[in-house]
Amino acid sequence: MAQVIADRRDVDFVLHEQLNVGALSEHEKYAEFNKKTVDLIISEARNLAIKEILPTFKEGDEQGCRLENGQVSVPESFKRAYDLFVEGEWLAMPEDPEYGGQGMPRTISLAAADYFNGANYAFMMYPGLTHGAALLVEAFGTERQKKLFLKNMFTGKWTGTMLLTEPEAGSDVGNLTTSAVKNEDGTYSITGNKIFISAGEHDLVENIVHPVLARIEGAPAGTKGISLFLVPKYRVNEDGSLGEFNDVVCTGIEHKMGINGNATCSLTLGGKGQCVGELLGEANKGMRAMFLMMNEARLLVGMQGFCCASASFMNAVNYARERVQGKNLLQMMDPNAPSVPIIQHPDVRRMLISMKSYVEGMRSLLYYAGYLSDQVAVSDDEAEKARLQGMLDLLIPICKGYVTDKAFEVCSTGVQVYGGYGFIKEYPQEQLLRDCRITMIYEGTNGIQAMDLLGRKLGMNKGKPIMDLMVEIQKTIAQAKAIDNLKDYAARVEKALNRLGEIAMHLGATAMSPKVMSAFAFAHPFMEASGDVVTAWMLLWRGVIAATQLEKGAKKKDQAFYEGQLKSVQYFTQAVLPITMGKMDAIMNTCEAAVEITEDAFGGK
Amino acid sequence: MEIAVLLKQVPATESLIEIADGGTTIKTDGINWVMNPYDELAVEEALQIRAADGGTVTVFSLGPEKAVEALRTALAMGADTAVRIDPQGKPMDGLSTAKVLAGELKKGAFDLIIAGHRAVDDDNFQVGPAVAELMGIPHISMVIRQEVTDGRIRCTRTIDGGTLVLETALPALITTQRGLNEPRYASLPGIMKAKKKPIDTRALSETGTDPGEPMVRTIAMRLPPQRKGGRIIEGDSATAKAEALVKALREEAKVI
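Analysis parameters
- Residues numbered from 1 in each chain as written.
- Chains lettered and ligands numbered in written order.
- Predicted model: local features only at pLDDT ≥ 70, side-chain atom pairs only at ≥ 80, totals over all residues.
- Heavy atoms only, no water.
- Axes fitted to C-alpha atoms, helices over the stretch in contact; angles between N-to-C directions.
- Helix = DSSP H or I, 4+ residues; strand = E, 2+ residues; numbered from the N terminus.
- Parallel < 35°, antiparallel > 145°, perpendicular 65-115°, else oblique.
- Contact = heavy atoms within 4.5 Å.
- Nonpolar A, V, L, I, M, F, W, Y, C, P; charged D, E, K, R; others polar.
- Pairing = 2+ DSSP bridges.
- Buried < 20%, exposed > 50% of the residue type's maximum accessible area, 1.4 Å probe, protein only.
- Salt bridge = Lys/Arg side-chain N within 4 Å of Asp/Glu carboxyl O.
- Disulfide = S-S within 2.5 Å.
- Domains from an automatic or database assignment.
- Phe/Tyr/Trp six-rings, centres within 6.5 Å; stacked < 30°, edge-to-face > 60°.
- Lys NZ or Arg CZ within 6 Å of the ring centre and 35° of its normal.

### Section: the packing of helix α1 (residues 8-18) of chain A against helix α5 (residues 106-140) of chain A
Residues and elements named next belong to chain A.
For step 1, the next point in the chain: The geometry of α1 relative to α5 is characterised by a closest axis approach of 11 Å and an angle of 170° between their N-to-C directions. With respect to their mutual orientation, α1 and α5 come out roughly antiparallel. Where α1 abuts α5, its residues R8, V11 and L15 lie against T107, I108, A111, D114 and Y115.
For step 2, the next point in the chain: Within the contact of α1 with α5, the residues separate by chemical class into five nonpolar, one polar and two charged.

### Regarding the sheet that holds strand β6 (residues 112-116) of chain B
Residue and element names in this part refer to chain B.
For step 1, the next point in the chain: Strand order in the open sheet formed by nine strands is β9-β8-β7-β10-β6-β1-β4-β5-β11, and the pairing between neighbours is mixed. Two strands bound the open sheet, and with one partner strand each, they are β9 (162-169) and β11 (199-203). Strand after strand, the sheet turns through a mean of 30° between neighbouring axes, direction not considered.
For step 2, the next point in the chain: The pairing of strand β5 (residues 81-86) with β11 spans five bridges and is parallel. Bridge pairing in β11 links V83 to D200.
For step 3, the next point in the chain: Sheet contacts for helix α1 (residues 37-53): β1 (2-6), β4 (56-62), β6, β7 (139-149) and β10 (172-176); angle to β6, the most-contacted strand, approximately 150°.
For step 4, the next point in the chain: Strands β1, β6, β7 and β10 of the sheet are contacted by helix α4 (residues 127-135), whose axis makes an angle of about 175° with β10.

### Topic: α4(B)
For step 1, the next point in the chain: The complete set of buried residues in α4(B) reads B:G128, B:A130, B:V131, B:A132 and B:M135.
For step 2, the next point in the chain: Of the residues one or two after α4(B), B:G136 is the one with positive phi, at around 70°.

### What to know about the pattern of salt bridges
Residues and elements named next belong to chain A.
For step 1, the next point in the chain: For the structure on display, the rule yields 60 salt bridges over all chains.
For step 2, the next point in the chain: E201 is the salt-bridge partner of K233, the closest N and O atoms lying 3.1 Å from each other. You can see K233 sitting in the loop between β7 (226-232) and β8 (234-236) and its partner E201 sitting in the loop between β5 (188-198) and β6 (208-216), a full 32 residues away along the chain.
For step 3, the next point in the chain: The structure contains a network of salt bridges with shared partners spanning K406, E409, E528, D532 and K583.

### Focus: the state of the cysteines
All names here are of chain A.
For step 1, the next point in the chain: Taken as a whole and judged by the stated rule, the model has zero disulfides over all chains.
For step 2, the next point in the chain: We note that C411 lacks a disulfide partner, and the nearest cysteine sulfur, in C436, lies 4.1 Å from it.
For step 3, the next point in the chain: Classification of C411 by relative accessible area gives buried; the value is 0%.

### Describing the domain arrangement of chain B
For step 1, the next point in the chain: Here chain B is partitioned into domain 1 (2-207) and domain 2 (226-256).
For step 2, the next point in the chain: Averaged C-alpha coordinates put domain 1 of chain B and domain 2 of chain B at centres separated by 49 Å.

### Description of the side chain of B:Q177
Residue and element names in this part refer to chain B.
For step 1, the next point in the chain: Relative to the helices and strands, Q177 resides in the loop between β10 and α5 (188-194).
For step 2, the next point in the chain: Residue classification places Q177 among the buried residues on the basis of a relative accessible area of 15%.
For step 3, the next point in the chain: The contacts of Q177, once residues within four sequence positions are left out, are Y38, L41, H117, M142, V143, I144 and T158.

### A short note on the packing of aromatic side chains
Residue and element names in this part refer to chain A.
For step 1, the next point in the chain: Tallied over the full model, the rule gives 21 aromatic pairs over all chains.
For step 2, the next point in the chain: Taking 5.7 Å as the distance between ring centres and 20° as the angle between the ring planes, the aromatic pair formed by W537 and W541 counts as stacked. Of the two residues, W537 and W541 are both situated in helix α15 (residues 523-552); the distance of four residues between them amounts to about one turn of the helix.
For step 3, the next point in the chain: Taking relative accessible area as the criterion, W541 reaches 17% and is therefore assigned buried.
For step 4, the next point in the chain: Geometrically, the ring pair formed by F561 and Y562 is edge-to-face, given 5.8 Å between the ring centres and 65° between the ring planes. A single burial state applies to F561 and to Y562, both of which are buried.
For step 5, the next point in the chain: An aromatic cluster is built from F78, F85, W90, F116, F123 and Y126, whose rings are joined through pairwise contacts.
For step 6, the next point in the chain: Its end group placed over the ring of F408, R437 keeps NZ or CZ at 5.2 Å from the ring centre.

And the structure:
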């Protein structure tokens, strides 16, 4: 049997050869994490993922979650996997050891998460959301709140969620109506209805901690009047023991296209007037708190989508090597010619190299985002910190929006490689495609990601982050130009990068003009073009390393891998970037039809 | 209790095995290596005994540089120290491996030695019992349950169609069988601690043991035969097909 979920060689390549994460151990903060330790961490994460989490993938989808008498039960197999996961203390890999974290560099935790999420991310959402909710407590909680909640969350004894969405407040979160009324003891009585709450209710652990967005009575309308509250399912006594039920009632669970193992709940808070929350952070600063957590959350969603793509690619390439069907094209006319594995057919190879190059480019991009945040953490130069943080902020909508868009396409191609069997539930491809789909929607739809990129990130700090990023890309281009067999690819990336600069200027200016609506109608195409260029950069960067290693005389066992790297960058720059150039022409045209067309003219009335 | 565990690094069962040129070894490129699954049982059992009775767990492996990974996994699971004996490229069979390991084990004072009953790569079944024999201590194989009291160990072992309860005095060597326990996964804190635990590397030439020349020589290695395709019974009618099938079952397959 071949590799599943993620190609270990590729994971190691990005960690060690591209990003050189071992060097992080030169900093005191990460001194524990030398290369050998990193390798052992990845091996053991992979081991746990393959042996215990992957077997829950299909069962979790088939069983789904059940709601009976307000109690949600998760798929049976999730319990054992969850216990093993938290016993191994994998939940809060990069966090503060004082509160139950492991103090690990984010880049390494992403590589471990690559296997965990690829094994079954619907399962991983239970610990994943707990991690996110705990980060809010860590960032905004009082010492008392940290003491009561944080360790129990980082260790997975309790899980966490995030209560944002309401029936009339989804993308428009400022519209929410959940209210908070201050009690005499300083707590708040919370009343409202929340929907689409992942892991909102379940039977994995004894308590669930809900960070809730609500409006304090009399607070301003819109996002400026939103506060963040900590609302546990069972109240927590001062000694840490569990108190009474806190009137958080699950009134329904959604029946979804994918991630069926994760309970998506409707929750009624304070239906009997008995739901008590405490303020987390300052009053009316709830949205600011959300924004601080956004990079983390969006990077995680990017990982979720990506991991489906990576798993789908591993499956597809292995299937194509084994599945015998049809004759080799060159022997088509010979009735006696043997049937061949489908990997010999040109169209199947086209699909596989497309999947391969996207998966590799996206893995590099996501790990690079983790790497930037690690570099911010170890840098002691304020200007350098700001530069790195700016590039990270700029890349986040691409890591979420572009990556999940492409991940879904890769998963679709992964179905196609299997032919009819790709459509059948006996094989994992269709589930990966279904599971992947939500990543384009939640945690800010990809349309919102595109608007974030164009409207907020591009002009941030007078455009310094994008200039800084371009400088980084140009460095790689310069290295590649010095290598004979990369020259052509480097020139293509350079051309695309320059064109991207032009369309960024153009769209930025258009957004300031009366044609602002049309500019934003091209926000998504702009995000896609930006993502293509960044992916091309990542693949070129990989190509520089691979070409250098081959030149030096790589070990025999590494040769095919490095040659594969050169093929990925060749494919992407020669077969994909020309399409990107066309997309950028379209953006430059900024066709106004989408904005000008009247609502009646859409027809269908 | 001073406990020693013998372990071997083997190709993961998921690995695609190919025979190397020369036909007597396998290709090692691209293989994912893991701790022999029966040895995982041995490490787990040692850790459970230590948790109950105290003491230390030392893991031993005779193997190349790469074998250190399996030792580190054992340390990450919770073993205290590790010893790797480097064979320095010398070919080894089951008996010579046992000689070297027994030589090193005699240098310590172990109350109990635990080994997998076999390594899943070459299914030799020999090293554990041979080590016990060379050390002059009793051995109980295929253990699925054990209990240590007052310097004695009582074990339940599998036999064909049932189990057998055996008891012997310590020091002794036991080998593991599936069902003994459920090996733990290395925890993340365990991995971090493993980094600081010592791995003692000893070159074969420094051990003072001369394993001699291997007494077993591999002459050829073959993959299992490929499964043959099915056969469709031809015939003009259902009756004719049934007749042909019965004939084939009786005369060719000889099953009826």
